[in-house]
Amino acid sequence: MSLLARLFAFEAKGMTSMVMWLARRRNGVPHGATAVGYAREQSMTLVVILFVMVVETVGIDLLLIALDVPLWLRAFVLIVDIYGILFALALGAGSVTRPHVVTPDELRIRYAVYFDLRVPRDLIQSVRLARNFNENSMVAVKDGRLSVAVSSQTNVLIELTEPVTVTRPLGGSAEATTIRFFADTPAAVVTALRA
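Remember, predicted model here, so these are calculated numbers, not experimental data. Every chain begins its residue count from 1, and numbering advances along the sequence as written. For this predicted model, a pLDDT threshold of at least 70 governs which residues receive local features, and a threshold of 80 or more governs which side-chain atom pairs are given and counted, while totals over whole chains, interfaces and linings are taken from all residues. The side-chain numbers reported here are obtained from all heavy atoms of the structure, hydrogens and water having been left aside.

Moving on: the pairing of strand S7 (residues 145–148). On any regular strand, side chains alternate: one points to one face of the sheet, the next to the other face. In terms of strand pairing, strand S6 (residues 139–142) meets S7 through four bridges, oriented antiparallel. Following the sheet pairing, Val-139 is matched in S7 by Val-148. Linking S6 to S7, which pair antiparallel, is a turn of two residues; within it Asp-143 sits at a positive phi near 55°. Pairing between strands is defined by DSSP: at least two bridges between them are needed. Secondary structure elements are taken from DSSP: a helix is a run of H or I of four residues or more, a strand is a run of E of two residues or more, and numbering for both begins at the N terminus.

The next subject is the environment of Val-156. Among the secondary structure elements, Val-156 is positioned in strand S8 (residues 154–167). Note: C-alpha distance between Val-156 and Asn-134 (22 residues apart in sequence) is 14 Å. In this description, contact between two residues means that some pair of their heavy atoms is separated by no more than 4.5 Å. Look past the residues within four positions of Val-156 in its chain and what remains in contact with it is Val-127, Arg-128, Ala-130, Ile-179, Arg-180, Phe-181, Ala-183, Pro-186 and Val-189.

Apart from glycine, the bulk of residues carry a negative phi angle, and the bulk of peptide bonds sit in the trans form. Backbone geometry at Ala-112 places phi at a positive 50°, although glycine is not the residue there. Relative to the helices and strands, Ala-112 resides in the loop between strand S3 (106–111) and strand S4 (115–120).

The next subject is helix H2 (residues 40–66). Between the first and last residue of a helix there are one fewer steps than residues, each counted as 1.5 Å, and that sum is the expected span. With 27 residues, H2 ought to run about 39 Å at 1.5 Å a step, and its terminal C-alpha atoms sit 40 Å apart, in line with that. Where H2 is concerned, the buried positions are Gln-42, Leu-46, Leu-50, Thr-57, Asp-61 and Leu-64. Here the buried face of H2 lies against helix H3 (71–97) and S3. Immediately downstream of H2, the backbone of Asp-68 shows phi near 55°, a positive value. Each residue gets one of three labels from its accessible area relative to the maximum for its type: buried under 20%, exposed over 50%, partly exposed in between, using a 1.4 Å probe on protein chains only.

These figures capture arrangement, not role.
And the structure:
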């Protein structure tokens, strides 16, 4: 899949996530599965960012009116600002409607519409709580270790018996034998995987 097609797919899934969020639905959570969220840690930051973006949109439009900027330029700036607000809403909605999922067959680790990894349970050697507060990016693979962080944090550590192939958000792939990720209730993930 090309980069442009991948970006359009992210946008479509983001808009779908907003509809699902309004309808209080979740994506990919089968009956009897354990769904574990990860959005709580970033929700306040996202609310503040959205508030600032709305204030900035109104402020910029008023400034452009005061400067007597041509209507076409005002409309362009307004469209870009509204797109930014929709992007932030889609990120929040995607994080809420696409939780991590534990089923009898697999562990599904996700980050909004941008990342989705299915790990067969028979590859999981161990699982434990392990807090880490210094992750540098949302999804990173380095030296066989995958990190899926929220607010620079991870709190669940999984060791695998053999590598899994990880597809990064923009399409690159790598192998990982250790997975660190963030969950709002990490003990629920550990309990579900040990059951």
